[in-house]
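Summary of structural features
Each chain is listed here by its residues.
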Amino acid sequence: MSEEWIIKSDRLTKLYGQTAALKDANIRIKKGSIYGLVGNNGAGKTTFLKILTGQIRPTSGNFTIMGEETEAGYRKARTQTGAIIEMPGFYPKLTARQNLEYYRIQRGIPGKDSVDKMLELVGLSHAAKKKFVNLSLGMKQRLGLALALMGDPELLILDEPINGLDPAGIVEIRNLLLKLNKEQGVTILISSHILTELENIATDYGFLSRGELAEQISAEKLREKCRAFLEIKVTDAAAYTALLEAEMLCSNYRVLPDNCIHILEKVDNIADYSALAVNHGIGLLGFEMKEINLENYYMNLVGEREEAEMPKGEV
């Protein structure tokens, strides 16, 4: 792999009828990275992960995993890949240990002690004898992660792995993933709607919107782009933004619903922006300096794309 891409897709597309669940996605994931896949429900995250793991086939385009691009190559690469996509098919009447032992034998993974090792690794040793049906959602997520980690994979593909975990459990799983990445060099592709948690671990991001890759960016470059902004809420956003451009010569702003405006350029004197509204008889409802976080950045990015795609005259 020239750039050590462990995953590389070119114009990858999946259609369901006339609907594109994934469209022309060119995704690049470096070996040794923690890649955060961000998107709303229906953005194409799970579709992409299912293609990689062989659960569904793409309609068009191509992809490589660990440099492999044939069906035989995919099968080889997937033996070195652990994945959680939705909930694995565990047997409800078997215990946590019995379920893992079943899959260990099925996959030909040597060493019976690997089951207890995985249970300990994900913090489930105390629940080893509990039947799957009696496990909490958080415990089921941990068991899924234990299954994904069996066989010491080089690549870990995780779809919403911290769903259902309490705050302490989220921290434990986060630390485990960081340890696997830093100490064992495991590449991790992770999708999550808990964006604040992705900020704690991701080295790179891919932002999906309506099946398309809106942007791909490193965490380092994202931090450079994420800066403070001024949020103003007024009674008349149209009138205020006209004044903003005419009197403040400000063009780098974004209008959100409910007459909320984000001023994204550097603000030297914030009092000038409140005075602009007051001096022209526009009601000032809110006024606050804020920091752009991952969620803000994604919403702004997706909002701009959706506005650009919206037919003229449509509101």
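A few points on the structure. (Residues numbered from 1 in each chain as written. Predicted model: local features only at pLDDT ≥ 70, side-chain atom pairs only at ≥ 80, totals over all residues. Heavy atoms only, no water.)

1. Details of the environment of tyrosine 253
Quick note on the threshold: Under the scheme used here, helices are H or I runs from DSSP no shorter than 4 residues and strands are E runs no shorter than 2 residues, and both carry numbers assigned from the N terminus. Only protein chains enter the calculation, and the probe is 1.4 Å; a residue is then buried if its accessible area is under 20% of its type maximum, exposed if over 50%, and partly exposed in between. Contacts between residues were defined by any pair of non-hydrogen atoms, one from each residue, lying within 4.5 Å. Counting of polar contacts relies on pairs of N or O atoms within 3.5 Å, with two restrictions inside protein: one atom must be capable of donating a hydrogen and the other of accepting it, and residues adjacent in sequence are counted only when both atoms are side-chain atoms.
The residue tyrosine 253 is located in strand S12 (residues 253-256) in this model. In this structure tyrosine 253 comes out as partly exposed when scored by relative accessible area, which is 21%. Between the C-alpha atom of tyrosine 253 and that of tyrosine 273, which follows or precedes it by 20 residues, the distance is 12 Å. Here tyrosine 253 is in contact with Thr241, Leu244, Glu245, Ile261, His262, Ile263 and Leu264, once residues within four sequence places are set aside. In this structure the side chain of tyrosine 253 is engaged in a polar contact, spanning 2.4 Å, whose partner is the side chain of glutamate 245.

2. Topic: the pattern of salt bridges
As a reminder of what qualifies: By convention in these notes, a salt bridge is any Lys or Arg side-chain nitrogen within 4 Å of a carboxyl oxygen on Asp or Glu.
The full count for this structure, using the stated rule, is 10 salt bridges. The closest approach of N and O atoms between glutamate 68 and lysine 76, which form a salt bridge, is 3.9 Å. Between arginine 97 and aspartate 116 there is a salt bridge; the shortest N-O distance is 2.9 Å. Of the two residues, arginine 97 is situated in helix H3 (residues 96-107) and aspartate 116 in helix H4 (residues 113-121); the sequence distance between them amounts to 19 residues. Of the residues examined, arginine 97 reaches a relative accessible area of 31% and is grouped as partly exposed.

3. Looking at the packing of aromatic side chains
For clarity, the threshold we go by: Centres within 6.5 Å make a pair out of two Phe, Tyr or Trp rings, where for Trp the six-membered ring is used; the pair is then stacked when the planes are under 30 degrees apart, edge-to-face when over 60, and tilted otherwise.
The full count for this structure, using the stated rule, is 8 aromatic pairs. Centroid distance tyrosine 91 to tyrosine 102: 5.1 Å. Interplanar angle 80°. Geometry classified as edge-to-face. On the criterion of sequence distance, the pair formed by tyrosine 91 in the loop between strand S6 (81-84) and H3 and tyrosine 102 in helix H3 is long-range, its members being 11 residues apart. Judged by relative accessible area, which is 38%, tyrosine 91 ranks as partly exposed. When the centroid spacing of 5.1 Å and the interplanar angle of 80° are considered together, the rings of tyrosine 102 and tyrosine 103 count as edge-to-face. Overall, the relative accessible area of 12% leaves tyrosine 103 in the buried class. Grouped by ring-pair contacts, the aromatic residues Phe90, Tyr91, Tyr102, Tyr103 and Phe132 constitute a single cluster.

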